[in-house]
Amino acid sequence: VQLQASGGGLVQAGGSLSVSCAASGRSAFSTYAMGWFRQAPGKEREFVAAISVSGGTTYYGNSVLGRFTIARDNAKNTVYLQMNSLKPEDTAVYFCAAGRPIKSTIRQPANYYYWGQGTLVTVSS
């Protein structure tokens with residue numbers, strides 16, 4: 001699976017931004033759980049959100065709960081991350097990832113097989 005993230009940019013604090021990740025390749029997108037992670041300069045990669053194969057179950061990191069929404073469209077081989085009420089501390093490179101983690105490991109980057117190249121989100125104060 002090849003993943004291509006897009007949609008990052010510069011936004012003011014309190015604003016909204018949506019990023020997306022399109023999948024291609026021989027493996028079926030609809031057989032992978034999808035996750036979003038982010039990494040700010042000098043910090044470790046942080047779990048943001050994940051969504052199950054069917055899209056029926058979602059998971060969020062504590063820092064984004066209630067502000068971000070993950071969704072997927074298996075017909076379009078795309079996963080989305082809608083980000084609202086953005087804060088300067090949300091500034092990071094956002095990565096999408098595909099894998100088959102079990103529920104207890106869905107927040108761990110090591111359980112994802114494929115990664116996109118990342119898209120930069122900058123939130124100004």
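What comes next concerns the included structure. Computed from a predicted model, the values in this text were never measured in an experiment. (Residues numbered from 1 in each chain as written. Predicted model: local features only at pLDDT ≥ 70, side-chain atom pairs only at ≥ 80, totals over all residues. Heavy atoms only, no water.)

What follows concerns the pattern of salt bridges. Within this structure, the stated rule accounts for three salt bridges. Residue D90 pairs with R38 through a salt bridge whose shortest N-O separation is 2.8 Å. One end of the pair, D90, is in the loop between strand 8 (78–83) and strand 9 (92–99); the other, R38, is in strand 4 (residues 33–39), and 52 residues separate them in sequence. The residue D90 makes a salt bridge to R67 at a minimum N-O spacing of 2.7 Å. (Salt bridge = Lys/Arg side-chain N within 4 Å of Asp/Glu carboxyl O. Helix = DSSP H or I, 4+ residues; strand = E, 2+ residues; numbered from the N terminus.)

With that settled, consider the sheet that holds strand 1 (residues 2–6). Taken in spatial order, the four strands make up an open sheet running 1-3-8-7, and their pairing is antiparallel. Looking along the sheet, the strands with just one partner apiece sit at the ends: strand 1 and strand 7 (68–73). The mean angle between the axes of side-by-side strands here comes to 15 degrees, regardless of whether they run parallel or antiparallel. Of the pairings in the sheet, the one linking strand 7 to strand 8 comprises six bridges and is antiparallel in character. By the bridge assignment for strand 8, T69 is matched with Q82. (Pairing = 2+ DSSP bridges. Axes fitted to C-alpha atoms, helices over the stretch in contact; angles between N-to-C directions.)

Right, let's talk about the packing of aromatic side chains for a bit. Two aromatic rings are characterised by how far apart their centres lie and by the angle between their planes. In total, this model carries seven aromatic pairs according to the counting rule given. Relative to Y113, the ring of Y32 has its centre 6.5 Å away and its plane inclined at 85 degrees; by these criteria the two rings are edge-to-face. One end of the pair, Y32, is in the loop between strand 3 (17–24) and strand 4; the other, Y113, is in strand 10 (residues 112–115), with 81 residues separating them in the sequence. On the basis of relative accessibility, which here comes to 3%, the residue Y32 falls in the buried class. Here the aromatic rings of F37 and W115 are separated by 5.1 Å at their centres, their planes lie at 50 degrees, and the arrangement is tilted. Placement of F37 in strand 4 and of W115 in strand 10 is noted, with a sequence separation of 78 residues between them. Cluster of aromatic residues (ring-pair linked, three or more members): F37, F47, Y112 and W115. A cation over an aromatic ring shows up here: R45 above the ring of F95, its NZ or CZ 4.0 Å from the ring centre. In this arrangement the basic side chain of R45 is found over the ring face of W115, its NZ or CZ atom lying 4.8 Å from the centre. (Phe/Tyr/Trp six-rings, centres within 6.5 Å; stacked < 30°, edge-to-face > 60°. Buried < 20%, exposed > 50% of the residue type's maximum accessible area, 1.4 Å probe, protein only. Lys NZ or Arg CZ within 6 Å of the ring centre and 35° of its normal.)

Purely spatial values, then, with no claim about function.
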